[in-house]
Amino acid sequence: MIRKGYEPKVIEEAVKNSVELQVLLDLDNSDKHGIPLRVNHSRRNPIIRNVRQGLVNNNHGKPIVMTISQVGETKVVDGIPPSVVINADIYDGDGDFLFDFDTLVETCYSQWIDIANQYDCI
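Residues numbered from 1 in each chain as written. Predicted model: local features only at pLDDT ≥ 70, side-chain atom pairs only at ≥ 80, totals over all residues. Heavy atoms only, no water.

Some remarks on the sheet that holds strand β5 (residues 97-100)
Then, in step 1: Reading across the sheet, the three strands line up as β1-β4-β5 and stay open at both edges, with antiparallel pairing between neighbours. Of all the strands in the sheet, just β1 (47-56) and β5 have a single pairing partner and so form its edges. Ignoring strand direction, the axes of neighbouring strands in this sheet form an average angle of 15°.
Then, in step 2: Relative to strand β4 (residues 83-91), β1 runs antiparallel, the two being bridged by eight bridges. Across the sheet, residue Arg49 finds its bridge partner in β4, namely Asp89.
Then, in step 3: Contacting β1, β4 and β5, helix α2 (residues 19-33) crosses the sheet at an angle of about 90° to β5.
Then, in step 4: Across the sheet, helix α3 (residues 101-118) touches β4 and β5, and the angle it forms with β5 is around 70°. (Pairing = 2+ DSSP bridges. Helix = DSSP H or I, 4+ residues; strand = E, 2+ residues; numbered from the N terminus. Axes fitted to C-alpha atoms, helices over the stretch in contact; angles between N-to-C directions. Contact = heavy atoms within 4.5 Å.)

Thoughts on the nonpolar core
Then, in step 1: With 13 residues, the main nonpolar core has Leu21, Val23, Leu27, Ile90, Leu98, Phe99 and Leu104 as its most contacted residues.
Then, in step 2: Taken together, the elements giving at least two residues each to this core come down to α1 (9-16), α2, β5 and α3.
Then, in step 3: If we skip the residues at most four places from it in the chain, Leu98 touches Val23, Arg44, Ile90, Tyr91 and Asp92. (Core = buried A, V, L, I, M, F, W, Y, C linked by side-chain atoms within 4.5 Å. Buried < 20%, exposed > 50% of the residue type's maximum accessible area, 1.4 Å probe, protein only.)

Quick notes on the confidence of the model for the protein
Then, in step 1: Looking at the protein as a whole, its pLDDT mean stands at 93, while 100% of the residues score no less than 70.
Then, in step 2: β5 holds the highest mean pLDDT among the elements of the protein, 98, whereas α1 holds the lowest, 91. (pLDDT = per-residue confidence, 0-100.)

Quick word on the packing of α1 against α2
For any two helices packed against each other, the geometry is given by the interaxial angle and the distance between the axes.
Then, in step 1: Where α1 meets α2, the closest approach of the two axes is 6 Å, and the angle between their N-to-C directions is 100°. By the angle between their axes, α1 is roughly perpendicular relative to α2. On the side of α1, the interface is formed by Ala14, Val15 and Lys16, while α2 contributes Leu21, Gln22 and Leu25. (Parallel < 35°, antiparallel > 145°, perpendicular 65-115°, else oblique.)

Brief notes about the state of the cysteines
Then, in step 1: This structure, assessed with the given rule, holds zero disulfides.
Then, in step 2: Note on Cys108: no disulfide assigned, nearest cysteine sulfur contributed by Cys121 at a separation of 17 Å.
Then, in step 3: Classification of Cys108 by relative accessible area gives buried; the value is 3%.
Then, in step 4: Classification of Cys121 as partly exposed rests on a relative accessible area of 33%. (Disulfide = S-S within 2.5 Å.)

Brief notes about the pairing of strand β3 (residues 74-78)
Then, in step 1: In terms of burial, β3 is largely open, as just zero of its five residues are buried.
Then, in step 2: Note that strand β2 (residues 65-68) and β3 share four bridges and pair antiparallel. Of the residues in β3, the one forming a bridge with Met66 is Val76.
Then, in step 3: Between β2 and β3, which pair antiparallel and follow one another directly, the connecting turn spans five residues, one of which, Gly72, has a positive phi of 90°.

See below:
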């Protein structure tokens, strides 16, 4: 943004106007620096709970045929490879549910893309 001649305040305003971006920033900072945070953008003390993972069959419900070599390399012989899915819930410091992980990621991604397009960064 700076290289394009825009003020850093543009990003600060975007974060200031989005609870999701504030929460994402707080989660990122708490992961890097621990808690309590020096600067708590959302003032919600967010925490990630109920982390789950699984595989999704992308082959329209049909079986997927894979081989595994002696050194652990996998190869799909027939079908579309599965995807790994990660689910989690985001709560505030009081234990109140804020949103699920997918909603946080999708909303933040959409907002960053809108900003990047608006300021001709992509």
